[in-house]
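Commentary on secondary and tertiary structure
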Amino acid sequence: MHIFISVDIEGVAGVNEALQGQRGNPEYEVARRLMTEEANAAIRGAFAGGADAVTVADSHGPMRNMIVDQLDPRARVVSGRARPLSMIEGIHAGHAGAVLIGYHAAADNFGVLAHTISGLAFRRIEVNGVRAGEPTLFAGHAAEIGVPLLAVSGDDRLETEIAEQFPAARSITVKRCINATAAESLSPGEAREKIEQEVCGVVERAADAVVEAPCRPPLTIDVSFSKQLFADAAALMPFAERTGAQDIRFGAGNHAEAIGILSGFSLMAAALA
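In short, a report on the structure. (Residues numbered from 1 in each chain as written. Predicted model: local features only at pLDDT ≥ 70, side-chain atom pairs only at ≥ 80, totals over all residues. Heavy atoms only, no water.)

According to the stated counting rule, one finds 10 salt bridges in the structure shown. Among the salt bridges present, the one from Arg176 reaches Glu184, with a minimum N-O distance of 2.8 Å. Of the charged contacts, one joins Arg249 and Asp222 as a salt bridge, the two residues approaching to 2.6 Å between their closest N and O atoms. Here Asp222 lies in strand β10 (residues 219–225) and Arg249 lies in strand β12 (residues 247–252), a separation of 27 residues in the sequence. Because the salt bridges share partners, they merge into one network encompassing Asp108, Arg123, Arg124 and Glu126. (Salt bridge = Lys/Arg side-chain N within 4 Å of Asp/Glu carboxyl O. Helix = DSSP H or I, 4+ residues; strand = E, 2+ residues; numbered from the N terminus.)

Below, the structure is given as structure tokens:
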């Protein structure tokens, strides 16, 4: 049984400020260690639950954040960008389930460091009329290839999103949102213990997990950018329809196609910023 784990940083216990996700400062060095240890907790839980193999994808920002020589050596690691499937790169139909660790609420939602793919680029993303967070897209792709979402960790606002979009998945809530940069968090040790126990439980029951997703292809993606300039550039693409000063719409045949286009828009915005 092969389990796939994608790890972000904003939903990690003890992380609540953008500075903690940005290289080049002491706060980031602390946060990346916390991220690494929550990944280890999920890995331990997966193996304890019966996994024979675990693949872990480093999925925050530069996608080279976790301290790899401190990761559980039983896991294989996907790192680096730009990856065709971004935060879910490395998943395949042979996986028995997916686990998302350190995730956060969607752009245009109330939550700790809430965004979708890029806080710089996107104000809001909708897929088939559904406000899209990162689980919407990445666990949506997993479902499309037959892999169920087993569990997600993050704040209580993310828990609400998961209950609406992936009701069979387990939410592992490690902090309560106070505002965009403030939270009431479990201690890192308690959060890791909770993650390990919950992941163990869902992996034990993975054979009975439900494959579900809020959106099914074909997909219509409405993107509201944070700046008109970003929409100006995106609208140059022949597949994009301009729908407002900061808004475009495009169609995609599947989640993988949508992920690739949105990732490209994110890189474009970073170059223009």
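A few words on the nonpolar core. Judged by nonpolar contacts, the single largest core of 49 residues is most densely connected at Ile221, Phe225, Phe250, Leu262 and Phe265. Here the element with the most residues in this core is helix α6 (residues 255–272); it accounts for 7 residues. Excluding residues within four positions of it along the chain, Ile221 makes contact with Ile125, Glu126, Val127, Ile248, Arg249, Phe250, Ala252, Ala258 and Leu262. With 37 residues, the next largest nonpolar core counts Ile3, Ile5, Ile101 and Val203 among its residues. (Core = buried A, V, L, I, M, F, W, Y, C linked by side-chain atoms within 4.5 Å. Buried < 20%, exposed > 50% of the residue type's maximum accessible area, 1.4 Å probe, protein only. Contact = heavy atoms within 4.5 Å.)

Looking now at the environment of Val7. Relative to the elements of secondary structure, Val7 occurs in strand β1 (residues 2–7). Separated by 211 residues in the primary sequence, Val7 and Pro218 have C-alpha atoms spaced 28 Å apart. The contacts of Val7, once residues within four sequence positions are left out, are Met35, Ala39, Val56, Ala57, Asp58, Ser59, His60, Met66 and Ile101.

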